[in-house]
2 protein chains.
Amino acid sequence: MTTLASDQLPELLRQKADQLRIHSIRATTKAGSGHPTSCCSAADIVATLFFSIMRFDPKNPRNPDNDRFVLSKGHAAPLLYAAWAEAGLFDPKQLLELRTLDSDLEGHPTPRLPFVDMATGSLGQGLSVCVGIALNNKYLDKTSARTYVVLGDGESVEGSVWEAADIARHFQLDNLCGVVDINRLGQSDPTMLEHNLTTYQARWEGFGWHTICVEGHNHAELLKAFAEATQTSTKPTMILAKTFKGKGIPFAEDHPNWHGKPLNPQQAEEVITVLSQSLPSPAYTFSIALPKTVQRAKSAIQPLPAPKYEATDMVATREAFGEALAQLGAVNPLVVGLDADVKNSTYTDKFGKRFPDRFFENFIAEQNMVGAAAGLAACGKIPFAATFACFLTRAYDFIRMAAISQSNIKLMGSHVGVSIGEDGPSQMGLEDLAMMAAQPGVAVLYPSDAMCAYRLVETMANHKGMVYMRTSRPKTPILYGAEEFFTIGGSKVLRQSAKDQLTIVAAGVTVFEALKAYDQLQTAGITVRIIDLYSVAPIDVATLQQAAKAANNRFITVEDHYLHGGIGDAVLSALAGDGVRLTKMGIHQIPHSGKPDQLLDHYGISARAIAEKVKQLVQV
Amino acid sequence: MTTLASDQLPELLRQKADQLRIHSIRATTKAGSGHPTSCCSAADIVATLFFSIMRFDPKNPRNPDNDRFVLSKGHAAPLLYAAWAEAGLFDPKQLLELRTLDSDLEGHPTPRLPFVDMATGSLGQGLSVCVGIALNNKYLDKTSARTYVVLGDGESVEGSVWEAADIARHFQLDNLCGVVDINRLGQSDPTMLEHNLTTYQARWEGFGWHTICVEGHNHAELLKAFAEATQTSTKPTMILAKTFKGKGIPFAEDHPNWHGKPLNPQQAEEVITVLSQSLPSPAYTFSIALPKTVQRAKSAIQPLPAPKYEATDMVATREAFGEALAQLGAVNPLVVGLDADVKNSTYTDKFGKRFPDRFFENFIAEQNMVGAAAGLAACGKIPFAATFACFLTRAYDFIRMAAISQSNIKLMGSHVGVSIGEDGPSQMGLEDLAMMAAQPGVAVLYPSDAMCAYRLVETMANHKGMVYMRTSRPKTPILYGAEEFFTIGGSKVLRQSAKDQLTIVAAGVTVFEALKAYDQLQTAGITVRIIDLYSVAPIDVATLQQAAKAANNRFITVEDHYLHGGIGDAVLSALAGDGVRLTKMGIHQIPHSGKPDQLLDHYGISARAIAEKVKQLVQV
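Below is a short write-up of the structure. All values reported here derive from a predicted model rather than from experimental measurement.

Comments concerning the overall build of chain A
Point 1. The number of helices and strands found in chain A is 21 helices and 19 strands.
Point 2. In terms of overall size, chain A behaves like a compact globule, its C-alpha atoms giving a radius of gyration of 27 Å where 620 residues would be expected to give roughly 25 Å.
Point 3. Dimensions of chain A, computed from C-alpha atoms along their principal axes, come out at roughly 90 × 50 × 40 Å.
Point 4. Pairs at least 24 residues apart make up 78% of the contacts formed inside chain A by residues separated by at least 6 positions.
Point 5. Separation of charge centres in chain A, based on 57 positive and 63 negative side chains, amounts to 3 Å.

The structure is reproduced here in structure tokens:
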């Protein structure tokens, strides 16, 4: 390595960018699929960042002091892989294993790779993840590490980008710098704004960002812009880079109809030959600046104090969640809270008031809340993000990508089901179990009483992986003692005898309805088993199987959730091989406003409805 | 009614607005819940629109020539109801039935009411719906009817608002006028921008809208602004109205902690007494201008010509969908297409090329695509919106609200499951059946071959209500003849005999795997029944029950979908009472990139895996 005159740098970066282009073209041609032209537009941006701007340990991408890089336009994955290979993390020969089952160099980046913080490929998510990372570095770890993100111009239409933009401005994330790779062409059409950089600039400035327009293939301009971003305080910076899709591939450059298409081997060889001609051999070896090491206090995690509810209390599970979260904050310094302007309904305000430095208000931006949570999780924090369960549907794509990333986020959805009452169907979470349990590896919890909710909050924090807790609006009685033990995958048998005629599986508010039905049925001489299925996924197969054996292989499930994808289906699935007979009770149509108890009865999940159904079934 | 001097109008509107405030306060106090302060900030805006600006038939809110009004901040529902009552649609006394089970004046507006085009209450959706309505009026019906929407300032953080803003500008929707009710206070905190109208203005102008800042309680300014909006061509207009939450309620005006709280009866009486003092009796009777009647051509709908596939063709179901949609456009003038920049992958480009005037490109804005589709459906069109199934997760909240609205939209999700191959998990739709089937009243279709896909497109159009079709990426063989008949709720038995040992239920690509397994099993002397479950919801219970009886009450389901909430659960649920034994085969973990066939086998849904599982089961 020789000492470098500063005016040599742009040319050396040009060479490195072309090397990244060569890798991207070669790998996608070998794979027979991929997006080489989307790599080529961003190659100069990425080369500049990796080889002159970012401070990171190329041998240890998990070093928490590294500057972070997120490729929001995930379809340019081969470019990202090439950059890490060229930085020295792995042998560039491995790049040719792109998109094969045996290599983690997948079609779009996933955190199976140590240098990927969050899976990208569903567009418009990278900026929110970076908001989470930048929040962590600025407010929690208080490091000087910077966060960089490359967005596509096409993805700038995604609303989530503007949620992230707004929140980044609000938190004055001057440690965050984005680049929009404005290559003018989407998948199926030119973008709406094409190369109209002025309009992009007006938008980002309207959202309070510092903006810099550059020629995105000009390394000197890029270097200057990144330097300016670093000098900018109190505001995040967005660099608007005019680029050409397919830059470096003469026949594809700025041409439509080249999205997501690899070059054929002959085309690839031709282009690579030309690009190689201007590359000196051996290539210049860049010296990547290592990050500053920041001393992090070891987090001493203490157990959560026992809940203090009295047996006669009436407490909503959402409130117990909030109470536990606030207590957990005191014993677990990694716990962070995120809200989307309903903290006084989810009771995360209890945590927020006690730990304002670890609580991030996202206003009404559920997508950003979940994306930022994933960013915080990528920094080793344990983020709890809560809103109404129905509004988590707004962030389902982010939840899906977090599941793909096996992100350690904790979600709470409150106000589930018809038991919320008067606000009506738009505010009732009735599909949250279906959507959360569908994702592999996500634990889905649904406590019925405050003791269980409180205890499970600690369990959520200690569990490695995504956990969802569903909570209810109404105040409900206390069922369990303060020393009761709850596990992910567990359940509680609340009533059982040697002569149970069937088993009722309930959770949340329907547990109390089932218990009332039990008493009514006892009077009528009918005995049933009752299970509180507080863990919907994973599910307690053994207890359900015992119940099947003990109680005529017969079940009723009753839930304040739509009929598909909820508790009924989870129980059926757990016992699918056992030939049980099961009757699902749940919400079978779009509900109406009304009083909670009235609605439980009207939609057939009240004690009365349960007792009636049991009577019908035991007569058969 | 007396003739009105124009300078009297603001004072008369002030009176009407206070009357709306009185109704809103009285109704929420009676209900014991609701958002009176959110009504009060917007009362002057709504009064001005309803009684001086909009041309509509107050006795016939479904008149298609009416100017349309959407209350995006749906929690101000009592204000909307009061406006329609005061306009003469129903007796204002009914307003006191707010939020009861017996009245359709629900907590948030739903289309159970004839004057609601789409349910609101999940914030940030109204503008997209209005984009759909305005597209219809400008480009399809070509009427002069205008579309008005009132948004909250809090909801302006929702990214979907900016998607809609971008698309409205792109289509030059000068027939669309919004008002942001900037009342400074969210639910749990002041909004980020509070009364900073300049920043709101910079944002909306950055997104290409004409903007006007007004004092939102000044009727003269509002009247002038709406007039200016009407005169503005080629651009939509956003009026940024500075208001005060709780305006007219002295102790609540501009005070935090009054969100979503009714006044107690004494407070209400006090406020109403004061407000009433400045209302003359009898109230002035406004004359609402009726809309111009536009002659609409009667739509003559012809049957779809039969598909033209040869028995030896290999055709992807997504392509057959696209082909059928293009053919359908020729025989059904109500059919409209919407895309989110993947039209060359979903093949909606076939429709788009043939009917460019009925095809709306939403670029990468899935939320707006679904919201606009719902708006078009509210105008009597039959909108087909298509993207990758995984990206419909982005619009799940819009889909949820469309389901609540029983909207007549048709969704297609392509590229489902691991069979897409190399692009990896971020591009694989693996939870779409769970999320779509969870919604009551949504038909969920999953054709395996091109004939079935083609035929079902016509069925989708003719069915009243939301329908979702799931399609696959790979080319697959033709299974059915051109005259085969498919119905919502149907299935096809592909193999059966008197000695079937069990039934395999498959759909999409796994049908072909099951058929291959069938041949292998025949060789081994094992005979199975095979069902193509092309309609997942509703499901063909009768055929499944027959199969249960005929084939040992034993089933295998095999699907290119995650295990929860898909075909396996749908079959289990259909047969829940029958004591069947069922083995679910599906994707049980986050998949990896790879070749399609390799992935089918790796994740255990290939012919080999099926045959192996059958052999295990029949040995037991």
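Some remarks on the pattern of salt bridges
Point 1. Overall, the coordinates contain 73 salt bridges over all chains when judged by the stated rule.
Point 2. Among the salt bridges present, the one from A:Asp44 reaches A:Arg21, with a minimum N-O distance of 2.5 Å. With a gap of 23 residues between them, A:Asp44 in helix α2 (residues 36–53) and A:Arg21 in helix α1 (residues 9–31) connect regions that are remote in the sequence.
Point 3. Looking at A:Arg21, the relative accessible area reads 3%, which means it is buried.
Point 4. A salt bridge links B:Asp174 to B:Lys138, with the shortest nitrogen-to-oxygen separation between them at 2.9 Å. With B:Asp174 in the loop between α5 (159–170) and β3 (176–182) and B:Lys138 in helix α4 (residues 126–140), this pair connects stretches of sequence that are 36 residues apart.
Point 5. For B:Asp174, a relative accessible area of 17% gives the class buried.
Point 6. Here the salt bridges share partners, and the residues they tie into one network are A:Glu11, A:Arg14, A:Asp18, A:Arg21 and A:Asp44.

Some remarks on the sheet that holds strand β10 (residues 410–414) of chain A
Residues and elements named next belong to chain A.
Point 1. Judged by pairing direction, the sheet is mixed, and its seven strands sit side by side in the order β8-β7-β9-β10-β12-β11-β17 without closing on themselves. In this open sheet, the two edge strands, each paired with only one partner strand, are β8 (359–361) and β17 (535–537). For this sheet, the mean inter-axis angle between neighbouring strands, taken without regard to orientation, is 20°.
Point 2. Note that strand β9 (residues 382–388) and β10 share five bridges and pair parallel. Pairing of Phe-388 across the sheet is with Ser-414, part of β10.

A closer look at the relation of the copies chain A and chain B
Point 1. Take chain A, turn it by 180°, move it 0.0 Å along the axis, and it overlays chain B with an RMSD of 0.0 Å. Such a turn and shift between the copies fits a two-fold axis. The rotation axis passes nearest to the C-alpha of A:Gly159 in chain A, at a distance of 1.8 Å.
Point 2. A share of 100% of the interface residues of chain A reappears at the interface of chain B, consistent with the copies meeting face to face through the same patch.

Quick notes on the side chain of B:Thr317
Point 1. Along the chain, the position of B:Thr317 falls in helix α9 (residues 317–331).
Point 2. Setting aside residues up to four positions removed in sequence, B:Thr317 forms contacts with B:Pro447, B:Ser448, B:Asp449, B:Ala450, B:Ala453, B:Thr471 and B:Ser472.

A short note on the packing of helix α19 (residues 567–574) of chain A against helix α19 (residues 567–574) of chain B
Point 1. Running from amino to carboxyl end, α19(A) crosses α19(B) at an angle of 90°, the nearest separation of the two axes being 9 Å. The orientation of α19(A) with respect to α19(B), classified from their angle, is roughly perpendicular. Contacts from A:Asp569, A:Leu572 and A:Ser573 of α19(A) reach α19(B) at B:Asp569, B:Leu572 and B:Ser573.
Point 2. Counted by class, the contact of α19(A) with α19(B) contains two nonpolar, two polar and two charged residues.

Points about unusual backbone geometry
Point 1. Look at the link from A:Ser281 to A:Pro282: it is a cis peptide, with omega at 0°.
Point 2. Structurally, A:Pro282 is set in the loop between α8 (265–277) and β6 (314–315).
Point 3. Here the bond from A:Ala537 into A:Pro538 is cis, since omega is -5°, no more than 30 degrees from zero.
Point 4. Tracing the backbone shows A:Pro538 in the loop between β17 and α18 (541–550).
Point 5. In this structure, A:Phe363 is a non-glycine residue whose phi angle is positive, near 50°.
Point 6. Along the chain, A:Phe363 turns up in the loop between β8 and α12 (366–378).
Point 7. For A:Phe363, a relative accessible area of 8% corresponds to the buried category.
Point 8. Of note in this structure, B:Arg184 is not a glycine but carries a positive phi near 80°.
Point 9. The residue B:Arg184 is located in the loop between β3 and α6 (197–206) in this model.

What to know about the packing of α4(B) against α5(B)
Residues and elements named next belong to chain B.
Point 1. One way to put it is that α4 packs onto α5 with a least axis distance of 8 Å and a crossing angle of 25°. One element, α4, and the other, α5, form an angle in the roughly parallel class. Seen along the crossing, α4 lies across α5 with a hand that is left-handed. For the pair formed by α4 and α5, the contact residues are Leu-127, Ser-128 and Val-131 on the first element and Ser-160, Val-161, Ala-164, Ala-165, Ile-167 and Ala-168 on the second.
Point 2. Residue classes in the contact of α4 with α5 are distributed as seven nonpolar, two polar and no charged.

Comments concerning the interface of chain A and chain B
Point 1. Taken residue by residue, the interface counts 108 residues in chain A and 108 residues in chain B.
Point 2. In total, chain A and chain B occlude about 8500 Å² of area from one another, counting both sides; carbon and sulfur atoms represent 54% of this.
Point 3. Our count for the contact surface shared by chain A and chain B stands at ten salt bridges.
Point 4. Note that B:Asp189 and A:Lys343 form a salt bridge whose closest N and O atoms lie 2.6 Å from each other.

Examining the environment of B:Pro307
Residues and elements named next belong to chain B.
Point 1. Topologically, Pro-307 is positioned in the loop between α8 (265–277) and β6 (314–315).
Point 2. The spacing of Pro-307 and Glu-194 is 113 residues in sequence and 58 Å in space, taken between C-alpha atoms.
Point 3. In this structure, Pro-307 is in contact with Met-451, Tyr-454, Arg-455 and Ala-482, ignoring residues within four places of it in sequence.

Thoughts on the side chain of B:Ser156
Point 1. If you trace the backbone, B:Ser156 turns up in the loop between β2 (147–152) and α5.
Point 2. When neighbours within four sequence positions are excluded, B:Ser156 is seen to be in contact with B:Val161, B:Trp162, B:Val180 and B:Tyr200.

Overview of the environment of B:Gly159
Point 1. Of note, B:Gly159 is situated in helix α5.
Point 2. For B:Gly159, a relative accessible area of 0% gives the class buried.
Point 3. Sequence-distant contacts of B:Gly159, defined by excluding residues within four places in its chain, comprise A:Gly159, A:Ser160 and A:Glu163.

Quick notes on the sheet that holds β3(B)
Residues and elements named next belong to chain B.
Point 1. Reading across the sheet, the five strands line up as β1-β2-β3-β5-β4 and stay open at both edges, with parallel pairing between neighbours. Looking at the sheet topology across the chains shown, the edges are occupied by β1 (68–71) and β4 (210–215). Going from strand to strand, the sheet's axes swing by 20° on average, the running direction of each strand aside.
Point 2. Across the sheet, helix α7 (residues 219–231) lies against β2, β3, β4 and β5 (237–242), angled at about 170° from β4, the strand it touches most.

Quick notes on helix α17 (residues 509–523) of chain B
All names here are of chain B.
Point 1. Here α17 spans 22 Å end to end across 15 residues, near enough to the 21 Å set by a 1.5 Å rise per residue.
Point 2. Every buried residue of α17 is accounted for by Val-509, Thr-510, Val-511, Phe-512, Glu-513, Ala-514, Leu-515, Ala-517, Tyr-518 and Leu-521.
Point 3. Phi for Gly-525, located one or two positions after α17, is positive at around 80°.

Some remarks on the packing of aromatic side chains
Point 1. On inspection of all chains with the given rule, the structure shows 54 aromatic pairs over all chains.
Point 2. Here A:Phe207 and B:Trp162 contribute two aromatic rings whose centre-to-centre distance is 5.2 Å and whose plane-to-plane angle is 80°, an arrangement assigned as edge-to-face. Of the two residues, A:Phe207 sits in the loop between α6 (197–206) and β4 (210–215) while B:Trp162 sits in helix α5, which places them in two different chains.
Point 3. When the ring of B:Phe321 is compared with that of B:Phe384, the centres are 6.3 Å apart and the planes differ by 50°; the resulting orientation is tilted. On the criterion of sequence distance, the pair formed by B:Phe321 in helix α9 and B:Phe384 in strand β9 (residues 382–388) is long-range, its members being 63 residues apart. Note on accessibility: B:Phe321 and B:Phe384 belong to one class, buried.
Point 4. Counting every residue linked through ring pairs, the aromatic cluster contains A:Phe50, A:Phe51, A:Phe56, A:Phe69, A:Tyr81, A:Trp84, A:Phe90, A:Phe115, A:Tyr284 and A:Phe286.
Point 5. The ring of A:Phe51 carries the charged tip of A:Lys16 above its face, separated from the ring centre by 4.7 Å.

Considerations on the environment of A:Gln367
Point 1. Position of A:Gln367 relative to the elements: it lies in helix α12.
Point 2. Along the backbone, A:Gln367 and A:Ser128 are 239 residues apart, and their C-alpha atoms lie at a distance of 7.9 Å.
Point 3. Excluding residues within four positions of it along the chain, A:Gln367 makes contact with A:Ser128, A:Ser160, A:Glu163, A:Arg394, A:Ala395, A:Phe398, B:Gln367 and B:Arg394.

Examining α5(B)
Residues and elements named next belong to chain B.
Point 1. When the terminal C-alpha atoms of α5 are compared, their 17 Å separation across twelve residues agrees well with the 16 Å that a helix rising 1.5 Å per residue should span.
Point 2. With eleven of its twelve residues buried, α5 lies for the most part within the structure.
Point 3. Along α5, the residues that are buried comprise Gly-159, Ser-160, Val-161, Trp-162, Glu-163, Ala-164, Ala-165, Asp-166, Ile-167, Ala-168 and Arg-169.

Here is what the cut-offs are and how they apply
- Residues numbered from 1 in each chain as written.
- Chains lettered and ligands numbered in written order.
- Predicted model: local features only at pLDDT ≥ 70, side-chain atom pairs only at ≥ 80, totals over all residues.
- Heavy atoms only, no water.
- Helix = DSSP H or I, 4+ residues; strand = E, 2+ residues; numbered from the N terminus.
- Rg over C-alpha atoms; globule rule 2.2 N^0.38 Å.
- Contact = heavy atoms within 4.5 Å.
- Lys, Arg positive; Asp, Glu negative; His and termini not counted.
- Charge placed at Lys NZ, Arg CZ, Asp CG, Glu CD.
- Salt bridge = Lys/Arg side-chain N within 4 Å of Asp/Glu carboxyl O.
- Buried < 20%, exposed > 50% of the residue type's maximum accessible area, 1.4 Å probe, protein only.
- Pairing = 2+ DSSP bridges.
- Axes fitted to C-alpha atoms, helices over the stretch in contact; angles between N-to-C directions.
- Least-squares fit on C-alpha atoms with pLDDT ≥ 70 in both.
- Parallel < 35°, antiparallel > 145°, perpendicular 65-115°, else oblique.
- Nonpolar A, V, L, I, M, F, W, Y, C, P; charged D, E, K, R; others polar.
- Left-handed = near helix turned anticlockwise from the far one by under 90°.
- Buried area = accessible area lost by both parts, 1.4 Å probe.
- Expected span 1.5 Å × (residues − 1).
- Phe/Tyr/Trp six-rings, centres within 6.5 Å; stacked < 30°, edge-to-face > 60°.
- Lys NZ or Arg CZ within 6 Å of the ring centre and 35° of its normal.

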